[in-house]
Amino acid sequence: MDKQDNSEPESDVETQKITLSHVVDHLPVIQSYSHYSCVPSSLMHNKLPETPSDTSTNLIKTKLRKYKEPVCLGVDEAGRGPVLGPMVYAYAFVPISRKADLKNLGVDDSKVLKEDERDRLFEVMLKNEDWIGWAVHVCSPRDISESMLRKVKYSLNDIAHDATIGLIKGAQKLGLDVSEVFIDTVGDPKKYQTKLEGIFPGVSITVAKKADSLYPVVSAASICAKVTRDAILSQWKYCEKNIESKIERNFGSGYPSDPNTTRWLRDNVDPIFGYPQLIRFSWSTCEILLNKHAVSVRWPDEEENRPGQDIRGFFKSDPAPSDNGKRKLRSSSSKTGGTKRTRTKKSAMEEEEEADLQDEDAEISSSSETEAGESAKVIAAKMKRNGGEFTSKPSLIVRDPLFADLGLQHITHF
């Protein structure tokens, strides 16, 4: 009998993994997305119909409703540290009057539960949808990589904070009276709590370390997050064409300390394209392996902006002013055929600004020099002096990352 009782839940768990609509409907996970469960019926006035389903957000887009009892909400995540797969943030909530009932279900920190225990508890939560609600925000590995590799970085902590804030706002948009919020901290708990209290005035917010083991509602959220991430990885679909048969799926837990993960990364690196979008390219583990096993690539903008090269190096100035108080600037290259010119002496503030830029008052040659093909850096100097546009001839102005380091938003191409 014991064996039969143990085997039946395992079968149900496998079925539940396959039919998790909030996972299956979004495979392959290329873009981040959120999913909200229906509002528990026990919270509704006069047996109002449940929240209409919307595969993108599941939010009510008409008039917001207020439900008859305030709720207690917990937030936690799964997959913050792995080098592959999504990071999933989740909340779970119950009516204030049923907090003790949630504890009696046996929920606990997902990290101390075995996989079949997590799956069973998540199924229990689904069966008690009349008083338990939940939601997930899935941060795709591609979005994580792009965010962290921006020139102005969007850190993992910022991603985590914004995911939490978005989930709480989503609960409020459902019309829930969010009275208490418990959150497993990211970074300093006091600073994080102060930040959230400023965004959600009137809500009792508690941010704590190991909140997933202290507060049952956070434990329930951690189970939602972990089960969702595991289901996504177990059913992962590659968006890249024709690689399913070339890359094995035994990539382990995704943590850099997992031997299966490091072996998979080492054995499946492509020398040109690196890895599929399952991988977070912003992780140092990935960077080290790519530097070791993939071919080296040099980008033109890296060559132009390598250390030691500066637009000011294209020009030089005479150290001594002329007799009439004017300063002369001349091109450092005799091949350009440039001619000298002078400018009047300016105020101290203008001189200080000129000293910072130095090259921007340099000799700019005639249009024939432009037609012969000036260097991009001379064009940049012209653009800077003309407020970001170079208008010596009709041209197309487009964005070019080559000039990001020069403080310019556009560059003119001929």
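The following paragraphs examine the structure supplied in this document. For clarity, every value in this text was computed on a predicted model and none was experimentally measured.

Structural notes on the overall build of the chain
Broken down by element type, the chain carries 15 helices and 11 strands. When contacts within the chain are restricted to residue pairs at least 6 apart in sequence, those whose partners lie at least 24 apart make up 64%. Summed over its atoms, the accessible surface of the chain is roughly 22,800 Å², and 50% of this surface lies on carbon and sulfur atoms.

What about the sheet that holds strand E1 (residues 33-36)?
Two orientations exist for strands paired in a sheet by backbone hydrogen bonds: parallel and antiparallel. Ordered in space as E1-E4-E3-E2-E5-E6, the 6 strands form an open sheet in which the pairing is mixed. Here the strands that pair on one side only, and so sit at the sheet edges, are E1 and strand E6 (204-208). Within this sheet the neighbouring strands show an average axis-to-axis angle of 15 degrees, counted without direction. Direction of pairing for strand E5 (residues 178-184) relative to E6: parallel, over a ladder of 5 bridges. If you follow Val181 over to E6, its bridge partner there is Ile205.

Here we look at the packing of aromatic side chains
Any pair of aromatic rings gets described here by the distance separating the centres and the angle formed by the planes. Going through the model one piece at a time under the given rule, you end up with 7 aromatic pairs. A centroid spacing of 5.9 Å and a plane angle of 90 degrees characterise the contact between Phe251 and Trp264, whose relative ring orientation is edge-to-face. Here the residue Phe251 occupies a position in the loop between helix H9 (216-234) and helix H10 (259-267), and Trp264 occupies one in helix H10, the gap between them amounting to 13 residues. Taking relative accessible area as the criterion, Phe251 reaches 4% and is therefore assigned buried. One aromatic cluster is present, built from ring pairs that chain together Phe251, Trp264, Tyr275 and Phe281. Over the face of the ring belonging to Trp131 we find Arg98, whose NZ or CZ atom lies 4.2 Å from the ring centre. One residue, Arg280, lies across the ring of Trp283, its end atom 4.9 Å from the ring centre.

As for the pattern of salt bridges
Tallying each qualifying case throughout the model produces 11 salt bridges. The salt bridge involving Asp267 is made with Arg263; its shortest N-O contact spans 3.7 Å. Within this pair, Asp267 and its partner Arg263 are both found in helix H10, separated by 4 residues, close to a single helical turn. Each of Glu248, Arg263, Arg266 and Asp267 takes part in one network of salt bridges that share partners.

Quick look at H10
At 3.6 residues per turn, the α-helix brings residues three or four places apart onto the same side. For H10, every residue scored as buried is listed here: Thr261, Trp264 and Leu265. Along H10, the residues classed as buried sweep out an arc of 100 degrees about the axis, all on the same side. On its buried face, H10 sits against helix H11 (284-293).

Quick notes on the environment of Pro86
Here Pro86 lies in the loop between strand E2 (71-78) and strand E3 (87-95). Judged by its relative accessible area of 0%, Pro86 falls in the buried class. C-alpha separation for the pair Pro86 and Val29, spaced 57 residues apart in sequence, amounts to 8.1 Å. Setting aside anything within four residues of it in sequence, one finds Pro86 in contact with Ala78, Gly79, Val138, Cys139, Ser140, Pro141, Arg229, Ile232, Leu233, Trp236 and Arg280.

Some details on a nonpolar patch on the surface
Nonpolar side chains collect at one region of the surface, where Ile272, Phe273, Val295, Val297 and Trp299 lie side by side and expose about 570 Å² of accessible area between them. Within the fold, Phe273 resides in the loop between H10 and H11.

Quick look at the packing of helix H6 (residues 156-173) against helix H7 (residues 189-199)
Look at H6 against H7: their axes get within 12 Å of each other, and the N-to-C directions meet at 35 degrees. The handedness of the crossing between H6 and H7 is right-handed. Contacts from Ala160, His161, Thr164, Ile165 and Lys169 in H6 reach Tyr192, Lys195, Leu196 and Ile199 in H7. For the contact of H6 with H7, a count of residues per class yields 5 nonpolar, 2 polar and 2 charged.

Digging into the pairing of E3
Along E3, 9 of the 9 residues are buried, which leaves the element largely enclosed by surrounding structure. By the alternation rule, side chains of E3 split into Met87, Tyr89, Tyr91, Phe93 and Pro95 and Val88, Ala90, Ala92 and Val94, which are all buried. Summarising the sheet, E2 and E3 pair through 8 bridges and their orientation is antiparallel. The residue bridging Ala78 from the neighbouring strand is Val88, located in E3. Where E3 lies against strand E4 (residues 133-139), 7 bridges are found, and the strand directions are antiparallel. Each bridged residue has a counterpart across the sheet, and for Tyr89 the counterpart in E4 is His137.

Brief notes about the pairing of E1
Burial along E1 is two-sided: the residues Tyr33 and His35 and Ser34 and Tyr36 are all buried. In terms of strand pairing, E1 meets E4 through 4 bridges, oriented antiparallel. Each bridged residue has a counterpart across the sheet, and for Tyr36 the counterpart in E4 is Ala135.

Here we look at the nonpolar core
With 87 residues, the main nonpolar core has Leu73, Tyr91, Leu176, Trp264 and Leu278 as its most contacted residues. Per-element tally for this core: the top contributor is H9, with 11 residues. Other than its neighbours up to four places away in sequence, Leu278 contacts Leu84, Gly85, Pro141, Leu233, Trp236, Tyr238, Phe251 and Trp264.

Quick look at unusual backbone geometry
Although it is not a glycine, Lys210 adopts a positive phi angle of roughly 55 degrees. Relative accessible area serves as the criterion here: at 61%, Lys210 is assigned to the exposed category. Look at Asn242: it is not a glycine, yet its phi comes out positive at around 60 degrees. Within the secondary structure, Asn242 is located in the loop between H9 and H10. Residue classification places Asn242 among the exposed residues on the basis of a relative accessible area of 65%.

About the criteria used
- Residues numbered from 1 in each chain as written.
- Predicted model: local features only at pLDDT ≥ 70, side-chain atom pairs only at ≥ 80, totals over all residues.
- Heavy atoms only, no water.
- Helix = DSSP H or I, 4+ residues; strand = E, 2+ residues; numbered from the N terminus.
- Contact = heavy atoms within 4.5 Å.
- Areas by Shrake-Rupley, 256 points an atom, 1.4 Å probe, with all protein chains shown as cover.
- Pairing = 2+ DSSP bridges.
- Axes fitted to C-alpha atoms, helices over the stretch in contact; angles between N-to-C directions.
- Phe/Tyr/Trp six-rings, centres within 6.5 Å; stacked < 30°, edge-to-face > 60°.
- Buried < 20%, exposed > 50% of the residue type's maximum accessible area, 1.4 Å probe, protein only.
- Lys NZ or Arg CZ within 6 Å of the ring centre and 35° of its normal.
- Salt bridge = Lys/Arg side-chain N within 4 Å of Asp/Glu carboxyl O.
- Arc of directions from axis to C-beta.
- Patch = residues over 30% accessible without salt bridge, like charges linked within 9 Å, V, L, I, M, F, W, Y side chains within 5 Å.
- Left-handed = near helix turned anticlockwise from the far one by under 90°.
- Nonpolar A, V, L, I, M, F, W, Y, C, P; charged D, E, K, R; others polar.
- Core = buried A, V, L, I, M, F, W, Y, C linked by side-chain atoms within 4.5 Å.

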